[in-house]
Each structure stands twice: as C-alpha cells, then as structure tokens.
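In case you want the letters, here they are:
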Amino acid sequence: RCASVQGSRSDRPEAPAAAKGLVVEQDEAAGTISVYRAGNRSAILTQNARPDFRPYLHPIMAPDGQGVLTEDSPGHHKHQTGLYWGFTRLNGRDYFHNPTGDYWRRTAAAVVQASGDEVRWHTVYDLLDANGATILTETQRWSMRERNGRFELDLVWRGTAHADVTIGEYDYGGLFLRMPWRQGIVGEVVNA
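Note that the structure is predicted; figures quoted are calculated from it, not measured.

## Describing the pattern of salt bridges
What the rule picks out here adds up to nine salt bridges. One salt bridge connects E146 with R37, and the closest N-O pair in it is separated by 2.8 Å. Of the two residues, E146 sits in strand β9 (residues 134-147) while R37 sits in strand β2 (residues 32-37), which places them 109 residues apart along the sequence. Relative accessible area serves as the criterion here: at 24%, R37 is assigned to the partly exposed category. A salt bridge links R105 to D126, with the nearest nitrogen and oxygen atoms 3.4 Å apart. Of this pair, R105 sits in strand β6 (residues 104-113) while D126 sits in strand β8 (residues 118-128), and the two are 21 residues apart along the sequence. What you see here is one network of salt bridges that share partners, running through E118, R120, R145, R147 and E152.

Below, the structure written as structure tokens:
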C-alpha cells in the first residue's frame, strides 16, 4: 500500500523562473570579461583583456556545448590567440605576430550592458611604436546574443591615429580567428 502526501498550493515553494538571456561579468584581477547563459556558471565566451597583451576572445564555446571553437597559442603559431585583431604592417611594425606589451597597452576594458537578450563590452588599447609612444588607439565594441541555437557576435572596430599612419599590404591581418585544427580535420568557413 502507498500513500502520498501533498501540501496545499500555499505551502509548496514556487518553482524558480527559468533564467533567460546572457550575463557578462568582468574580473579585473584576471583581466577577463566572460559571458554566461543566465543561470549557468560555465563561460561560453571569454574576452582576454590583460594590461600588456593584445585583446582576444578565447575560449568561444559551441552553442550546443560540444566543443571549443577557438585555440590559444598553439606551439607552431604562438602569436595566434583565439579571435583577435592585428595589423601586420602598421608604420613598419607587426602587431599581428607580436601580442605583448612592447606593442600593446590597455587603457580601458569595461562591461557596457551586463545582461539581457544582448550583452555588450568594450576594450581600448594603445598600439605602441618602438619607443613606447602611442601610434594608434583601437577601440573594440563587442555585442553578443544567442538566437535560434546560434551565437551572434558583432564587432565595431575603431582606430584613432596619434601620428601619420600607413597600413602596408600583406596576405593576412585585421580580424583573425584561430580555430583548433589537426591533420585530417575537415573544415569549412562561410564569410558574410
């Protein structure tokens, strides 16, 4: 014989409302800004924004949680750090292959919109010449949303010159994505 006991509606705790949207948090000591799904403590994206290193996004998780879409400093390409921006020829200096403090200096990193259907943050860095003077200040304004099982990232990049600036032609540079790759992995990129 089984018995069940059921309390009245008034003495049962309410089920918590399902959390929706995204949340972004900054850890100033670590130099990171991380995005989470509301109600979940596993970061789905991390903005690395250290004072003396080029800003970059890593890791970026797959929306279904089944893998990491970025790779950070593989042994054969140590300068490639997830998703980042860097010129190879700016006034003769190579900011793409040189992510360290001799080239980059953070001036700001902040969360702009901390939660909701869309979150936003920005980083501001000075690009330095060989003497440590600022040639260009770059501002990266990021926004992220999740829609129909996809992550949507938007970047507005702005450069403010502090001297005459020449950007030389090169086979690559600008916005760059380092994805995990090993011999035999098949991949496809769609650029819109």
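That covers the picture; the talk isn't over yet.
## Description of a nonpolar patch on the surface
Judged by side-chain polarity, L69, L177 and M179 come together as a nonpolar surface patch covering roughly 230 Å² of accessible area. With respect to the element layout, L177 can be found in strand β11 (residues 174-177). Exposure remark for L177: the relative accessible area of 40% places this residue in the partly exposed category.

## Description of the side chain of S34
Tracing the backbone through its elements, the reader meets S34 in strand β2. When its relative accessible area of 9% is taken as the criterion, S34 is described as buried. At 3.3 Å, the side chain of S34 forms a polar contact with the side chain of T46. S34 has contacts with V23, V24, E25, A43, L45 and T46, leaving out every residue within four places of it along the chain.

## Digging into the sheet that holds β11
Pairing in this open sheet of seven strands is antiparallel, and the strands run β7-β1-β2-β3-β4-β5-β11 from one edge to the other. Each having just a single partner strand, β7 (115-116) and β11 make up the two edges of the open sheet. Of the strand pairs in this sheet, strand β1 (residues 22-27) and β2 are connected by six bridges, and their pairing is antiparallel. In the strand pairing of β2, Q26 is matched with I33.

What counts as what
- Residues numbered from 1 in each chain as written.
- Predicted model: local features only at pLDDT ≥ 70, side-chain atom pairs only at ≥ 80, totals over all residues.
- Heavy atoms only, no water.
- Salt bridge = Lys/Arg side-chain N within 4 Å of Asp/Glu carboxyl O.
- Helix = DSSP H or I, 4+ residues; strand = E, 2+ residues; numbered from the N terminus.
- Buried < 20%, exposed > 50% of the residue type's maximum accessible area, 1.4 Å probe, protein only.
- Patch = residues over 30% accessible without salt bridge, like charges linked within 9 Å, V, L, I, M, F, W, Y side chains within 5 Å.
- Areas by Shrake-Rupley, 256 points an atom, 1.4 Å probe, with all protein chains shown as cover.
- Polar contact = N/O pair within 3.5 Å; in protein donor to acceptor, adjacent residues only side chain to side chain.
- Contact = heavy atoms within 4.5 Å.
- Pairing = 2+ DSSP bridges.

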